[in-house]
Amino acid sequence: MFFLMIKIDIVLPWVNGNDLYWKEQRDFYSGQIKDEKINGVIRYRDWDNLQYIFRGIAENMPWVNKVHLVTYGHLPNWLNPSYSKLNIVKHEDFIPSEFLPTFNSHVIELHMHKIKGLTEHFIYFNDDIFILDKLGQSDFFTHGLPNDMAVEVPITSKISSNIFSHFLINNNSLLNKNHPKKEVVKRNFAKFYSLNYKSLLIKNILLGHFNNFSGFYHPHLTQSFLKATFFEVWEKEHQYLKKVSENKFRNYMDVNQYLMREWQLVNGRFEPKNIDELGRYFNITDDTKEIERHIKGKKSKIMCLNDNGHVINFALTQKAINAAFEEVYPQKCDFEL
């Protein structure tokens, strides 16, 4: 099947939690931290494996137009800043000065559409997402629209332990405020009840009679975006997003980039696909055997390795995981010196 090639960029935020100047600045503003659970130093822990993200992109996504590496200012010493497909983006290059410095990933996410030269179609990475096998443009966009899945799920939480649910609830409140569910589903019935969702479709069937959206299922993988979506959300909810941008650290009142994704879903700006088929999500523990097998066997095209604070022996766990990546990607790529 023929697919029209379009320009697609990648946005990849990264922070080196060991950088002394960054630590000094973070400590200076640390009095504004509302909750250590969502802002502790572990949230900025560097696994020293960013090079394997770039090697995976170079080998498996050669069609990518440009990678925008978003950084506080520091860079890995192995990075090749002069490579034509790499754009180094500092926070001050796209985030208004009134919100800087920021140590809040949500602020970075909400402003990334302002990156100079960013293409209309782009893919958002986290620095814990790795590419293991060949991917084409059609894995991310179809007919110029992001591939995605509009699957509803109820937001549930034990407030004392699941702070992330606050962000989801805030996202959902803004979404329901601006988009009546009945009208949305009527306009996009085929996309909300696509057979591509397979067993997940039952969730939409069970939640279909509710008047408001209960929340959406979020695969923790890469995310395809239209830049225009960000401009639209900012136009509709400027005051709320401005208030979030003032939070130098993650705050209970924040929204994140999931809001932009959900906005695309309810406006029908997506092609229904089962995104789960592309990748696998792992929470890292000290037992890395399954993760190592997954990497070496390239058992999915995309994988996410989430550091949720359950690792006790960081040095050994880091060594085991990075050794597996080195086995799969032993050669430097053009993003490296």
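Refer to the preceding data block for the structure.
Where helix α9 (residues 227–236) contacts helix α10 (residues 238–245), the two axes come as close as 5 Å, and the packing angle between them is 100°. Taken as axis vectors, α9 and α10 run roughly perpendicular relative to one another. Of α10, the residues touching α9 (which contributes Val233, Trp234, Glu235 and Lys236) are His238, Leu241, Lys242 and Ser245. Classifying every residue of the contact of α9 with α10 gives three nonpolar, two polar and three charged.

This part takes up the pattern of salt bridges. Scanning all chains against the criterion turns up 13 salt bridges. Between Glu237 and Lys177 there is a salt bridge, with the nearest N and O atoms lying 3.0 Å from each other. Highlighted residues: Glu237 in the loop between α9 and α10 and Lys177 in helix α5 (residues 164–178), separated in sequence by 60 residues. For Glu237, a relative accessible area of 5% corresponds to the buried category. The salt bridge partner of Arg280 is Glu290, with a shortest N-O separation of 2.8 Å. You can see Arg280 sitting in strand β10 (residues 279–283) and its partner Glu290 sitting in helix α12 (residues 289–297), a full ten residues away along the chain. Its relative accessible area of 33% is what places Arg280 among the partly exposed residues. Because the salt bridges share partners, they merge into one network encompassing Glu98, Lys242, Lys243 and Glu246.

Evaluated as defined, the whole model comprises 22 aromatic pairs. Pairing Trp22 with Phe103 gives two aromatic rings, centres 6.0 Å apart and planes at 70°, and the pair type is edge-to-face. Of this pair, Trp22 sits in helix α1 (residues 20–29) while Phe103 is found in the loop between β3 (86–90) and α4 (105–111), placing the two residues 81 residues apart along the sequence. For Phe103, a relative accessible area of 5% corresponds to the buried category. Ring centres 4.6 Å apart and planes at 65° place the aromatic pair Trp47 and Phe314 in the edge-to-face group. Note that Trp47 is positioned in the loop between α2 (36–39) and α3 (50–60) and Phe314 in helix α13 (residues 314–328), a separation of 267 residues in sequence. With respect to class, Trp47 is no different from Phe314; both count as buried. Clustering of aromatic rings is evident, with ring pairs tying together Tyr21, Trp22, Phe28, Tyr29, Tyr72, Phe103 and Phe249. The ring of Trp234 carries the charged tip of Lys114 above its face, separated from the ring centre by 4.8 Å.

Moving on: the pairing of strand β2 (residues 66–71). For β2, the buried fraction is high: five of the six residues fall into the buried class. Where strand β1 (residues 8–14) and β2 come together, six bridges link them in parallel fashion. Across the sheet, Pro13 pairs through a bridge with Val70, a residue of β2. Pairing analysis gives five bridges linking β2 to β3, with the strands arranged parallel. Counted as the bridge partner of Val70 is Val89 from β3.

Conventions we followed
- Each residue is numbered by its place in its chain's sequence as written, counting from 1.
- For this predicted model, a pLDDT threshold of at least 70 governs which residues receive local features, and a threshold of 80 or more governs which side-chain atom pairs are given and counted, while totals over whole chains, interfaces and linings are taken from all residues.
- Side-chain numbers here rest on the full set of heavy atoms in the structure, without hydrogens or water.
- Between the N-to-C directions of two axes lies an angle of 0 to 180 degrees, each axis being a line fitted to C-alpha atoms and, for a helix, fitted only over the stretch in contact.
- A run of H or I in DSSP counts as a helix once it spans at least four residues, and a run of E counts as a strand once it spans at least two, with each numbered from the N terminus.
- For classification, angles of less than 35 degrees are called roughly parallel, those exceeding 145 degrees roughly antiparallel, those between 65 and 115 degrees roughly perpendicular, and all remaining angles oblique.
- The criterion used for residue contact is that any of the two residues' heavy atoms lie within 4.5 Å.
- Each residue is assigned to one of three groups, with Ala, Val, Leu, Ile, Met, Phe, Trp, Tyr, Cys and Pro labelled nonpolar, Asp, Glu, Lys and Arg labelled charged, and all others, Gly among them, labelled polar.
- Between Lys or Arg on one side and Asp or Glu on the other, a salt bridge is scored when a side-chain nitrogen of the former is within 4 Å of a carboxyl oxygen of the latter.
- Categorising residues by exposure relies on relative accessible area from a 1.4 Å probe, with only protein chains included: less than 20% of the type maximum marks a residue as buried, more than 50% marks it as exposed, and the intermediate range marks it as partly exposed.
- The pairing test for Phe, Tyr and Trp rings, Trp by its six-membered ring, is centres within 6.5 Å, and the orientation test on the planes gives stacked under 30 degrees, edge-to-face over 60, and tilted for anything in between.
- Whether a charge sits over a ring depends on NZ of Lys or CZ of Arg being within 6 Å of the ring centre and within 35 degrees of the ring normal.
- Only strands that DSSP links by at least two bridges are regarded as paired with each other.

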